[in-house]
Amino acid sequence: KHRTRRFSSLAQRFFLPGECITLCSAAEQGSKAEAQVFFEMWTKKEAWLKALGVGIGGGLRSLDCSSGNLVQECPMNIDGEASRLYSVSSLQGLPLEAHSVATALPRNTPLRFESLSAVGWP
């Protein structure tokens, strides 16, 4: 569950300047808005870097999430292969309350959930 805290120091360390500005604007709307924007950006970056196969140590600044779009189209180059377009998405239609989920999938890859109850969802 998201805890209330100031995220500006983490953003300054790991995010791009435009993302820090976006986060600062959200903070002006309150701590709940700030947490939501921070975790949307963070989970998109995690999903992106995991899709690249490098994890968060691979460069959180390699994806710019400052636009606030739920879905971003990003070219991905892996080991000399031709660039593939990926969709990096925040999933907000799920009953997640205080949690954030994002995916990074090759463009036009269908995403479906068989059953949330299979993973312990009520």
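It should be noted that the structure appears before, not after, this text.
Residues numbered from 1 in each chain as written. Predicted model: local features only at pLDDT ≥ 70, side-chain atom pairs only at ≥ 80, totals over all residues. Heavy atoms only, no water.

Peer 1: When you look at the overall build of the chain in this model, what are you seeing that I'm missing?
Peer 2: When its secondary structure is counted, the chain shows three helices and three strands. N-terminal to C-terminal, the α/β element order of the chain is α-α-α-β-β-β. Across the 122 residues in the chain, those meeting the buried criterion constitute 32%. Summarising the internal contacts of the chain: among those between residues at least 6 apart in sequence, 45% fall at separations of at least 24. A total of about 7,700 Å² of accessible surface is found on the chain, and carbon and sulfur atoms cover 52% of it. (Helix = DSSP H or I, 4+ residues; strand = E, 2+ residues; numbered from the N terminus. Buried < 20%, exposed > 50% of the residue type's maximum accessible area, 1.4 Å probe, protein only. Contact = heavy atoms within 4.5 Å. Areas by Shrake-Rupley, 256 points an atom, 1.4 Å probe, with all protein chains shown as cover.)

Peer 1: I tried to follow the environment of Leu-16 on my own but got confused; where do I start?
Peer 2: Summarising the element assignment, Leu-16 is placed in the loop between α1 (8–14) and α2 (17–27). Residues Leu-16 and Cys-65, 49 residues apart in the sequence, show an inter-C-alpha distance of 8.5 Å. In this structure, Leu-16 is in contact with Arg-61, Leu-63 and Asp-64, ignoring residues within four places of it in sequence.

Peer 1: Mind showing me how you'd approach the nonpolar core here?
Peer 2: Here is a general trend for soluble globular proteins: nonpolar side chains tend to be buried in one another's company. Judged by nonpolar contacts, the single largest core of 20 residues is most densely connected at Phe-7, Phe-15, Leu-23, Phe-38 and Trp-48. Listing elements by their share of this core, those giving two or more residues are α2, α3 (31–52), β2 (84–90) and β3 (102–106). Here this core gets eight residues from one element, more than from any other, and that element is α3. (Core = buried A, V, L, I, M, F, W, Y, C linked by side-chain atoms within 4.5 Å.)

Peer 1: How should the environment of Ser-100 be read in this particular structure?
Peer 2: Secondary-structure assignment places Ser-100 in the loop between β2 and β3. A relative accessible area of 22% means that Ser-100 is categorised as partly exposed. C-alpha of Ser-100 to C-alpha of Ser-90: the two residues are ten residues apart in sequence and 7.5 Å apart in space.

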